[in-house]
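A look at the structure
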Amino acid sequence: MGPNQLAYFIQFCVPPPLSLSLFVCTEEINTMPSQSSWIFTTLLLCFFFLSVAFAGDPFVFYDWTVSYTSASPLGVKQKVIGINGKFPGPILNVTTNWNVVVNVKNDLDEPLLLTWDGVQHRKNSWQDGVLGTNCPIPAGWNWTYEFQVKDQIGSFFYFPSLNFQRAAGGYGGIIINNRAVIPVPFGLPDGDITILLSDWYTRSHKDLRKDVENGIDLGIPDGVLINGLGPYRYDDTLVPSGISYQIINVEPGKTYRIRVHNVGISTSLNFRIQNHNLLLVETEGSYTIQQNYTNMDIHVGQSYSFLVTMDQNASTDYYIVASPRFVNSSWDRATGVAILHYSNSLGPASGPLPSLSGQDDPSFSMNQARSIRWNVSAGAARPNPQGSFRYGEITVTDVYVILNKPPELINGKWRTTLNGISYLPPSTPLKLAEQFKILGVYKLDFPKKMMNRPPKVDTSLINGTFKGFMEIIFQNNDTTVQTYHMDGYAFFVVGMDFGVWTENSRSTYNKWDGVARCTTQVFPGAWTAVLVSLDNAGIWNLRAENLNSWYLGQEVYVQVDNPEIDNTEDSLPENAIFCGLLSSLQKDQSHKFQFSTGSPFYGTSRILLFVLFLALLESLFDTWSAEL
């Protein structure tokens, strides 16, 4: 292939920016002097231009098959949801601004969506993995998620968002690391450990959701799992023999970053490690003021990052404990226990578990939550300090006081409500209805406060103002702790207290260093206030993380539309699945039983680059030989 033929091939076969780089190389070949030294120089130039063409944020690829697998975490064999045969699923370990491509094959017997709890999907709610933005992946089908972890760091997790499936597993950790150029506000730890806590029932997720539909309380969990495993036999009367438990191996004197997630369905858990301090450093993407805690209440859907130094004499192993909060002694059997094992340990852990005073008193827990503050002097995913965003000086544009209630009968069915509305997912996802301008699928009329009217089932959305600043007050009229999560955002937790929120409650707000996170707890008979800057265009889910409350209707979506033309918001994915009123657009089995490859150009780019580089070499040496 000569230079002219190569240029013709590049013009018609190669997309930019690679084509521009290759044209530069061919022009160098056509005009280069005969001296052999210039051939080497031109070759180096070609390498340089090609590397620039392929420079950018890296891609990482995962192939996941979601299927049922057998496990006996509490000594009873049951069917759980695994990923690639593993329960829990793999840890998604990436770095700020990386592009993540996850090919998901649904080998369950029902539809599936995976949601990425805490990943903000900047201007790309198409990848959020909830019913408001995605059609479910039918059984036997494949779908590819492709998103960027843009300007984020921290500890998050993923889980299946449909049909009560989280109660059966399907979850795993997400780690988003700092880029090397951004300093971390603590020394580099000697290891990184993920711990997934979950209340667990031996009944199947299908039986559990039937109970919830019939107004039957979930009851006491059969146990609490730590990384999918049951409790260490710390008490022969409470824990049967033969149960596998988690052992975390550590080296004396070293410091580990331990990321702890409550991926359970309804139970607040207290996490502690016998004789060890927990130095809190991060929660859901925000570095915190570093404070030592002997234990931490972690509510459903919440994530924390601690530094733990192995500073004990290791006369024995040590207990790692996750126990239910705000309960009585009848819940003692539902305690998760793992083992922290020093390499120089002299014997197994024994004796009583580290105690927890005030187990049924939420006042201690609220004061603990108030003590968690944002580290305003630390950088996060961007070079500028987090504290440069002075949220306390921004004018609030919208206020929503959102009241939840326990399950009640509406039209003969058990439902939960927010401001008297129980959300009904339409057959056509909201984002698709917006894209194709289908009227009547939803209404932008979610009330800003509780209305004096009977509760109803409806598809009512919050009309968010793009670049507005929204104040949301969650008022909990239930008898248990509820947690609320917002997709697409981190909000500032500025206040919480017992009683009924009033306008005067704003005088107690923290307007400087309230922590920014995506999931907050609301204690029974209490309120929690958050502030959120609506700078992320899309349609975003605001929900109860307690699975029984969410499943019966405690959710709402926030539509955030940019009134101007915004070319930066991602368009409808080419591999979108269509359903509901758009079912006719779906190609028959176009995604079935095969893994898609994400970005088609990127997937073949290395091969294409190699072939073209060989062609360049051939052209170089043809020219050189002719001159000799």
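To start, this report covers the structure provided alongside it. Keep in mind that this is a model prediction, so the values were computed, not measured.

Bringing the sheet that holds strand 15 (residues 286-293) into the picture now. Spatially, the six strands line up as an open sheet ordered 10-9-12-17-14-15, and their pairing is mixed. Strand pairing shows two members of the sheet lacking a second neighbour, strand 10 (223-226) and strand 15, which therefore form its edges. Direction aside, neighbouring strands of the sheet carry axes that sit 25° apart on average. Taken together, the four bridges between strand 9 (residues 191-200) and strand 10 define a ladder with antiparallel strand orientation. If you follow D199 over to strand 10, its bridge partner there is V224.

Where helix 4 (residues 205-213) is concerned, the buried positions are H205, L208, R209, D211 and V212. Projection of helix 4 onto a plane perpendicular to its axis shows the buried side chains occupying an angular sector of 155°, all on one side. Two residues or fewer after helix 4 comes G215, characterised by a positive phi angle close to 75°.

A few words on the pairing of strand 7 (residues 154-160). The buried count for strand 7 comes to seven of seven residues, which makes it a mostly enclosed element. The two faces of strand 7 match: G154, F156, Y158 and P160 on one face and S155, F157 and F159 on the other face are all buried. Pairing analysis gives four bridges linking strand 5 (residues 114-117) to strand 7, with the strands arranged antiparallel. Pairing of L114 across the sheet is with P160, part of strand 7. Of the strand pairs in this sheet, strand 7 and strand 8 (residues 172-177) are connected by five bridges, and their pairing is antiparallel. Each bridged residue has a counterpart across the sheet, and for F156 the counterpart in strand 8 is I174.

Taken together, five strands build an open sheet; the order of strands is 24-32-31-26-29 and the sheet is mixed. For this open sheet the edge positions go to strand 24 (462-465) and strand 29 (519-522), each flanked by a neighbour on one side alone. Shown here is a sheet whose adjacent strand axes are inclined to one another by a mean of 25°, direction ignored. Strand direction decides the pairing type here: strand 31 (residues 538-544) and strand 32 (residues 555-561), joined by six bridges, are antiparallel. By the bridge assignment for strand 32, N541 is matched with Y557.

This part takes up helix 5 (residues 362-370). When we look at burial in helix 5, the residues that qualify are S365, M366, Q368 and A369. Here the buried residues of helix 5 occupy an arc of 160° about the axis, which is enough to place them on one side. If you follow the buried residues of helix 5, they end up packed against strand 15, strand 16 (296-298), strand 27 (491-498), strand 29 and strand 30 (526-533).

Our focus in this paragraph is the side chain of S125. Assignment of secondary structure puts S125 in the loop between strand 5 and strand 6 (142-148). Separated by 3.4 Å, the side chain of S125 and the backbone nitrogen of I539 make a polar contact. In this view, S125 contacts T133, N134, K431, G538, I539 and W540; residues no more than four positions away in its chain are not counted.

Tallied over the entire structure, the rule returns 28 aromatic pairs. When the centroid spacing of 6.0 Å and the interplanar angle of 80° are considered together, the rings of F186 and Y287 count as edge-to-face. Residue F186 is located in the loop between strand 8 and strand 9, and its partner Y287 is located in strand 15; the two are separated by 101 residues in the primary sequence. Exposure remark for F186: the relative accessible area of 13% places this residue in the buried category. Aromatic side chains Y489 and W540 sit 6.3 Å apart centroid to centroid with 80° between the ring planes, which places their arrangement in the edge-to-face category. Separated by 51 residues along the polypeptide, Y489 in the loop between strand 26 (482-486) and strand 27 and W540 in strand 31 bring together distant segments of the chain. Just as Y489 is buried, W540 falls in that class too. Here a set of aromatic residues connected by ring pairs shows up, and it is made of Y62, W64, W116, W143, Y145, F147 and Y158. Positioned above the aromatic ring of Y68 is the side chain of K79, whose terminal nitrogen or guanidinium carbon lies 4.5 Å from the ring centre.

A word on unusual backbone geometry. Note the cis peptide between F87 and P88, where omega equals -5°. Mapping P88 onto the fold places it in the loop between strand 2 (78-83) and strand 3 (92-95). The phi angle at N227 is positive, at roughly 55°, despite the residue not being glycine. Counting through the fold element by element, N227 comes out in the loop between strand 10 and strand 11 (247-250). When its relative accessible area of 16% is taken as the criterion, N227 is described as buried. The backbone phi angle of A314 is positive, close to 55°, even though this residue is not glycine. In this fold, A314 is placed in the loop between strand 17 (303-309) and strand 18 (318-324).

It is worth spelling out the state of the cysteines at this point. Throughout this description, disulfide means a covalent bond between two cysteine sulfur atoms. In the structure shown here, the tally under the stated rule is one disulfide. The disulfide partner of C135 is C579, and the gap between their sulfur atoms is 2.1 Å. Across the S-S bond of C135 and C579 the torsion is about -85°, and the bridge reads as left-handed. Taken together, the positions of C135 in the loop between strand 5 and strand 6 and C579 in the loop between strand 32 and helix 8 (600-627) put the pair 444 residues apart, joining distant regions of the chain. Exposure class is identical for C135 and C579. Each is buried.

Conventions we followed
Residues numbered from 1 in each chain as written. Predicted model: local features only at pLDDT ≥ 70, side-chain atom pairs only at ≥ 80, totals over all residues. Heavy atoms only, no water. Pairing = 2+ DSSP bridges. Helix = DSSP H or I, 4+ residues; strand = E, 2+ residues; numbered from the N terminus. Axes fitted to C-alpha atoms, helices over the stretch in contact; angles between N-to-C directions. Buried < 20%, exposed > 50% of the residue type's maximum accessible area, 1.4 Å probe, protein only. Arc of directions from axis to C-beta. Contact = heavy atoms within 4.5 Å. Polar contact = N/O pair within 3.5 Å; in protein donor to acceptor, adjacent residues only side chain to side chain. Phe/Tyr/Trp six-rings, centres within 6.5 Å; stacked < 30°, edge-to-face > 60°. Lys NZ or Arg CZ within 6 Å of the ring centre and 35° of its normal. Disulfide = S-S within 2.5 Å.

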